[in-house]
Amino acid sequence: MGSLYSLVAFYSDCPCEQDNWHDSKMMIDCENCSLCRESCPTGSIPVDRFLIHAEKCPGFLNEIEPDVPYWVQLQPDWHNALIGCMRCQFVCPVNKPYLDNIMAGPSFSEDETDMILNKTPWEKLSSKTRQKLGISEGVYRRLPPNLSALIEKQKKVMQR
Ligand code: SF4
Ligand code: SF4
């Protein structure tokens, strides 16, 4: 599943007789590919090291309290997802077979959207809205600036 793969940890005191843990390694597909680096709007994927500079990703910058830094807000092309940034994931050929696996989510009314955009505290949202969001309070705090940036971006597209 390429970079769409999400690690999840399970803990147990059950004895593990079979140990298939091994060192991390790069996908073979990455050996002659630089599509993610070329599509990264912030230059977060360096040539000289394997780890990305996560501190440059919009996913990090958009979480800076109290608001997204103004110089990030001035880069509409950087904003492309409600949480984080998906540019490097969309172009990855290994991810391609999974990109259409989109599950329809719930709809939000104008009132609910206004409440989110106005940073209504988590505990003041109705239980129905919280349930529909299906995210933790920590993740919810990232939604208003990202949603606002995407709406502003969409407005500009529609004005063209
Ligand atoms: S786009 Fe995918 S396959 Fe290509 S280098 Fe990046 S992670 Fe590897
Ligand atoms: S998430 Fe976005 S900013 Fe971060 S490395 Fe990927 S393309 Fe670059």
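Now for a look at the structure at hand.

Rules behind the numbers
Residues numbered from 1 in each chain as written. Chains lettered and ligands numbered in written order. Predicted model: local features only at pLDDT ≥ 70, side-chain atom pairs only at ≥ 80, totals over all residues. Heavy atoms only, no water. Helix = DSSP H or I, 4+ residues; strand = E, 2+ residues; numbered from the N terminus. Buried < 20%, exposed > 50% of the residue type's maximum accessible area, 1.4 Å probe, protein only. Contact = heavy atoms within 4.5 Å. Areas by Shrake-Rupley, 256 points an atom, 1.4 Å probe, with all protein chains shown as cover. Lys, Arg positive; Asp, Glu negative; His and termini not counted. Charge placed at Lys NZ, Arg CZ, Asp CG, Glu CD. Axes fitted to C-alpha atoms, helices over the stretch in contact; angles between N-to-C directions. Nonpolar A, V, L, I, M, F, W, Y, C, P; charged D, E, K, R; others polar.

### Some points on the overall build of the chain
Working step 1: Along the chain, the regular secondary structure elements total eight helices and zero strands.
Working step 2: The order of α-helices and β-strands along the chain, N terminus first, is α-α-α-α-α-α-α-α.
Working step 3: For the chain, the spread of C-alpha atoms along the three principal axes comes to 50 × 45 × 30 Å.
Working step 4: Burial status across the chain gives 23% buried among its 160 residues.
Working step 5: Within the chain, contacts between residues at least 6 apart in sequence are counted, and of these 55% link residues at least 24 apart.
Working step 6: For the chain, the computed accessible surface area is about 12,500 Å², with 56% contributed by carbon and sulfur atoms.
Working step 7: A gap of 7 Å separates the mean positions of the 17 positive and 21 negative side-chain charges of the chain.

### Some details on the packing of helix α5 (residues 110–117) against helix α8 (residues 143–159)
Working step 1: Their axes nearest at 8 Å, the elements α5 and α8 cross at an angle of 115°. Of α8, the residues touching α5 (which contributes T113, I116 and L117) are L143, P144, L147, S148 and I151.
Working step 2: In terms of residue class, the contact of α5 with α8 is made up of six nonpolar, two polar and no charged.

Note that all results are geometric; they support no functional claim without further evidence.
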